[in-house]
Amino acid sequence: MTPTRIALVDDEASVRTALGRLLRMADYEVQAYASGEEFLSALGDCVPDCALLDIHLPGLTGIQVQMRLQADHLTVVGERQRLQLEDGSTVLLNTNSAFSSTIDDRQRVARLYQGEAFFDVSANRSQPLQIDAGPVKASVRDTAFAVRYLDGVAQVRVQRGDVDLQATRSDARVRLSAGESIRIGPNGFDRPAKLDAATDLAWVQGRLVFENCPLNQVLAELRRYYPGWIINNNEQLANVAVTGNYRLDQPLDIVRSLAHITSARLQEFPALVILN
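All of the points below concern the structure found in this document.

What counts, and where the lines are drawn
Residues numbered from 1 in each chain as written. Predicted model: local features only at pLDDT ≥ 70, side-chain atom pairs only at ≥ 80, totals over all residues. Heavy atoms only, no water. 1 Å grid on protein atoms, 1.4 Å probe; cavity = no way out; pocket = protein on both sides within 12 Å on 5 of 7 lines; lining within 4 Å. Points joined across faces, edges and corners; volume = space filled by probe spheres on them. Helix = DSSP H or I, 4+ residues; strand = E, 2+ residues; numbered from the N terminus. Nonpolar A, V, L, I, M, F, W, Y, C, P; charged D, E, K, R; others polar. Axes fitted to C-alpha atoms, helices over the stretch in contact; angles between N-to-C directions. Parallel < 35°, antiparallel > 145°, perpendicular 65-115°, else oblique. Left-handed = near helix turned anticlockwise from the far one by under 90°. Contact = heavy atoms within 4.5 Å. Buried < 20%, exposed > 50% of the residue type's maximum accessible area, 1.4 Å probe, protein only. Pairing = 2+ DSSP bridges.

Okay, the layout of surface pockets next. Its boundaries defined by the atoms lining it, the largest pocket holds a volume of some 1300 Å³. Going through the elements one at a time, α3 (62-70), β8 (108-120), β11 (144-150), α4 (197-200), β18 (207-214), α5 (215-223) and β19 (229-232) are the ones with two or more residues in the lining of the largest pocket. The greatest single-element share of the lining of the largest pocket, amounting to six residues, is contributed by β18. Of the residues contributing to the lining of the largest pocket, the split by class is 23 nonpolar, 12 polar and 11 charged. Of the pockets and cavities examined, the second largest pocket occupies roughly 220 Å³.

In structure tokens form, the structure reads like this:
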């Protein structure tokens, strides 16, 4: 009988050694990895029956590794990816996103595990497209809209058509129309708000647009696109209002521009930028 293969992923060598010994004593075949990245890169050579993942791994956490195992499509930090689904609908994945879909004669289902996506959904008389994103499920036909799902909170923004929403944890329902947006958190729906497409959907056109936005919020958005650390050590800069239209594929240049207009001192290191 072939033993069950278990992948053990933990950054602490002592944990890998102790737990690996116990599993092997129970007749499991164990392969240990020090990081989520190492585990994912080895999947092409050996696919385990089960994976034990440390939730607090450095780099990719255990939860992020799990999402990548479930997803059909992934984008890394700073990357966008355009997809065409089997029904003709198109999806634009934003930075650091994980997405999967199942479309056939019986169902049209997509799932955003994390990140952000813009959907241009083709009309289908028989079935709407169902999209799951954490605390919300969307049902759409012939619609263009965006979904952001980060840190347990979802945001839906409708450019064209209508979107029927249902909270995952309750029976609460909301219908959004073109020009509306809504936030959905652990406690359900906020009130619908007016969509500012020029700023809220600027990323679809490869731009980041800010209008009188506090610098700390601008930096928080830039961190989504920069494959490293952006740190602000000057608290006086946090509430400085920023207005600008930038290319999202050049986050470091944006930080340099912000440092210039705020007279902040900028320190640059590999994968690390510090505002002082």
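Picking up where we left off.
Right, let's talk about the packing of α5 against helix α6 (residues 251-262) for a bit. At a minimum axis separation of 10 Å, α5 and α6 run at an interaxial angle of 165°. Put simply, α5 runs roughly antiparallel to α6. Two packed elements cross with a definite hand, and for α5 against α6 that hand is left-handed. Contacts between α5 and α6 involve L215, V218, L219 and L222 from the former and P251, I254, V255 and L258 from the latter. Of the residues in the contact of α5 with α6, the class split is eight nonpolar, no polar and no charged.

Glancing now at the pairing of strand β7 (residues 98-103). Counting buried positions along β7 yields five of six residues, so the element is predominantly enclosed. Across two bridges, strand β4 (residues 73-74) lies against β7 in antiparallel orientation. Across the sheet, the residue bridging to H73 is F99, located in β7.

Keep in mind that these numbers describe shape and distance, not what the molecule does.
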